[in-house]
Amino acid sequence: TGEEEPTTTGEEELTTTGGEDVKMEISPVVRGTVAANINYVFGVDSEGKLLINTADTNGNVDKEVLSQWEDLVSVEAGGEYFHHYSVVGLKKDGTVYTWNCNLNGWTDIVQISVSDTDFIGLKKDGTVLSKGSVYMGKANWEDIVQVSAGNGFLVGLKADKTVVAVGDNTYGQCEVSNWTDIEMIAAGDGHTVGLRSDGTVLVAGLNLFGENDVTTWKNVAFVAAGDFVTLGITKSGNVFSTGRNIE
């Protein structure tokens, strides 16, 4: 269209805590091959092996055991509170490896998401499995194509590009029933992010540190949400970020 993308503090670049400006070279279609929690960073290499990097000296995760995981397509790690040392690896055959959690019986899984409080898995048939703080009750989730776990709430993207959510709605993070034309979702600590087909972004929920300030973002191809932060990657590889910035 010739329209310029909005600039960020780092002039369309991401400023790291070390003060180094970096231009992100990331493929937006790769999702789930890297995960992190308070003490660990996990990755899945091209051969389906789990990679682990940590500053933890207490042995809360057995690196020797996890290094035996193979045939992985993605990995997810628990957050800061209830599941902060849990790790879930999705295998090519649709089953899961787990550490510090029990997801027995999870099969035919095509995507997983883990938060501080919850686990959710998307099955091949478009239904979901969940475990944790959220009571799904009679929630009728069908034709789901992506899932995301927030802090006490779950979000699902449907094949018709609408969004469903269940769980804690203290900040309005589950008020997404009127969203349409959504291509990707991300659940944070108290907010939900949706990427629209036109490259713009919607946010519902908590805005304590400006994590909802995305109205100027354009040409976005990938979104992510964390604790009080929202991230976007544009089609050209630039990074937008808004929310809490701890130095």
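In case you missed it, the structure is sitting above this.
Figured I'd write up the structure that's included with this text. (Residues numbered from 1 in each chain as written. Predicted model: local features only at pLDDT ≥ 70, side-chain atom pairs only at ≥ 80, totals over all residues. Heavy atoms only, no water.)

## Notes on the sheet that holds strand S12 (residues 144-149)
Right, so step 1: A sheet is described by the order of its strands in space; here three strands give the open sequence S12-S13-S14, paired in antiparallel fashion. The two strands at the open ends of the sheet, each matched to only one other strand, are S12 and strand S14 (163-167). Neighbouring strand axes in the sheet, compared pairwise and without regard to direction, differ in orientation by 20 degrees on average.
Right, so step 2: Of the strand pairs in this sheet, S12 and strand S13 (residues 153-158) are connected by five bridges, and their pairing is antiparallel. (Pairing = 2+ DSSP bridges. Helix = DSSP H or I, 4+ residues; strand = E, 2+ residues; numbered from the N terminus. Axes fitted to C-alpha atoms, helices over the stretch in contact; angles between N-to-C directions.)

## Let's talk about the pattern of salt bridges
Right, so step 1: In total, this model carries two salt bridges according to the counting rule given.
Right, so step 2: Here Glu 70 and Lys 49 are joined by a salt bridge, their closest N and O atoms 3.6 Å apart. One end of the pair, Glu 70, is in the loop between helix H1 (63-66) and strand S6 (72-77); the other, Lys 49, is in the loop between strand S4 (40-44) and strand S5 (50-54), and 21 residues separate them in sequence.
Right, so step 3: Judged by relative accessible area, which is 39%, Glu 70 ranks as partly exposed.
Right, so step 4: Residues Lys 161 and Glu 183 are paired through a salt bridge, measuring 2.8 Å at the closest nitrogen-oxygen approach. Separated by 22 residues along the polypeptide, Lys 161 in the loop between S13 and S14 and Glu 183 in strand S15 (residues 182-187) bring together distant segments of the chain.
Right, so step 5: For Lys 161, a relative accessible area of 30% translates into the label partly exposed. (Salt bridge = Lys/Arg side-chain N within 4 Å of Asp/Glu carboxyl O. Buried < 20%, exposed > 50% of the residue type's maximum accessible area, 1.4 Å probe, protein only.)

## Some words on the side chain of Thr 242
Right, so step 1: Turning to its location among the elements, Thr 242 is positioned in strand S20 (residues 239-243).
Right, so step 2: For Thr 242, a relative accessible area of 14% translates into the label buried.
Right, so step 3: One polar contact links the side chain of Thr 242 to the main-chain carbonyl oxygen of Gly 210, over a distance of 2.7 Å.
Right, so step 4: Contacts of Thr 242, omitting those with residues within four sequence positions, involve Gly 210, Glu 211, Asp 213, Val 214, Trp 217, Phe 228, Val 229 and Thr 230. (Polar contact = N/O pair within 3.5 Å; in protein donor to acceptor, adjacent residues only side chain to side chain. Contact = heavy atoms within 4.5 Å.)

## A short note on the sheet that holds strand S16 (residues 191-196)
Right, so step 1: Pairing is antiparallel across the open sheet formed by three strands, whose spatial order is S15-S16-S17. Each having just a single partner strand, S15 and strand S17 (201-205) make up the two edges of the open sheet. Across the sheet, the axes of successive neighbouring strands diverge by a mean angle of 20 degrees, strand direction being ignored.
Right, so step 2: Strand direction decides the pairing type here: S16 and S17, joined by five bridges, are antiparallel. When the sheet's bridge partners are listed, Thr 192 is paired in S17 with Ala 204.

## Comments concerning the nonpolar core
Looking at soluble globular proteins, one finds that nonpolar side chains tend to be buried together.
Right, so step 1: Core analysis: the biggest nonpolar cluster contains 14 residues, and Phe 42, Leu 50, Leu 66, Trp 69, Leu 72, Val 75 and Val 87 have the highest contact counts within it.
Right, so step 2: Not counting chain neighbours up to four residues away, the residues in contact with Trp 69 comprise Gly 48, Lys 49, Leu 50, Val 87, Val 88, Gly 89, Tyr 97, Thr 98 and Trp 99.
Right, so step 3: Of all hydrophobic cores here, the second largest spans 13 residues; its members include Phe 222, Val 223, Val 239 and Phe 240. (Core = buried A, V, L, I, M, F, W, Y, C linked by side-chain atoms within 4.5 Å.)

## Side note on the pairing of S13
Right, so step 1: Across the six residues of S13, five count as buried, placing the element largely inside the fold.
Right, so step 2: Counting the residues between successive antiparallel strands, the hairpin from S12 to S13 contains three residues, one of them, Gly 152, with a positive phi of roughly 85 degrees.
Right, so step 3: Looking at chain direction, S13 and S14 are connected through five bridges and run antiparallel. Its bridge partner lying in S14, Phe 153 is registered against Gly 167.

## Looking at a negative patch on the surface
Right, so step 1: A cluster of acidic side chains, namely Asp 108, Asp 125, Glu 142, Asp 143 and Asp 160, defines a negative patch on the protein surface.
Right, so step 2: For Asp 125, the position within the fold is in the loop between strand S10 (118-123) and strand S11 (128-132).
Right, so step 3: Residue classification places Asp 125 among the exposed residues on the basis of a relative accessible area of 53%. (Patch = residues over 30% accessible without salt bridge, like charges linked within 9 Å, V, L, I, M, F, W, Y side chains within 5 Å. Areas by Shrake-Rupley, 256 points an atom, 1.4 Å probe, with all protein chains shown as cover. Lys, Arg positive; Asp, Glu negative; His and termini not counted. Charge placed at Lys NZ, Arg CZ, Asp CG, Glu CD.)

## Here's the deal with the environment of Glu 76
Right, so step 1: Note that Glu 76 resides in strand S6.
Right, so step 2: Taking the C-alpha atoms as reference points, Glu 76 and Ser 86, ten residues apart in sequence, are found 8.5 Å from one another.
Right, so step 3: Excluding anything up to four places from it in sequence, Glu 76 contacts Ala 35, Ser 86, Val 87, Val 88, Ile 112, Ser 113 and Val 114.
Right, so step 4: Within the structure, the side chain of Glu 76 is placed 3.4 Å from the backbone nitrogen of Val 114, a separation counted as a polar contact.

## Re the pairing of S20
Right, so step 1: Relative to S20, strand S19 (residues 229-234) runs antiparallel, the two being bridged by five bridges. Residue pairing for S20: Ile 233 is matched across the bridge by Val 239.
Right, so step 2: What sits between the antiparallel neighbours S19 and S20 is a turn of four residues, in which Gly 237 has the positive phi angle 95 degrees.

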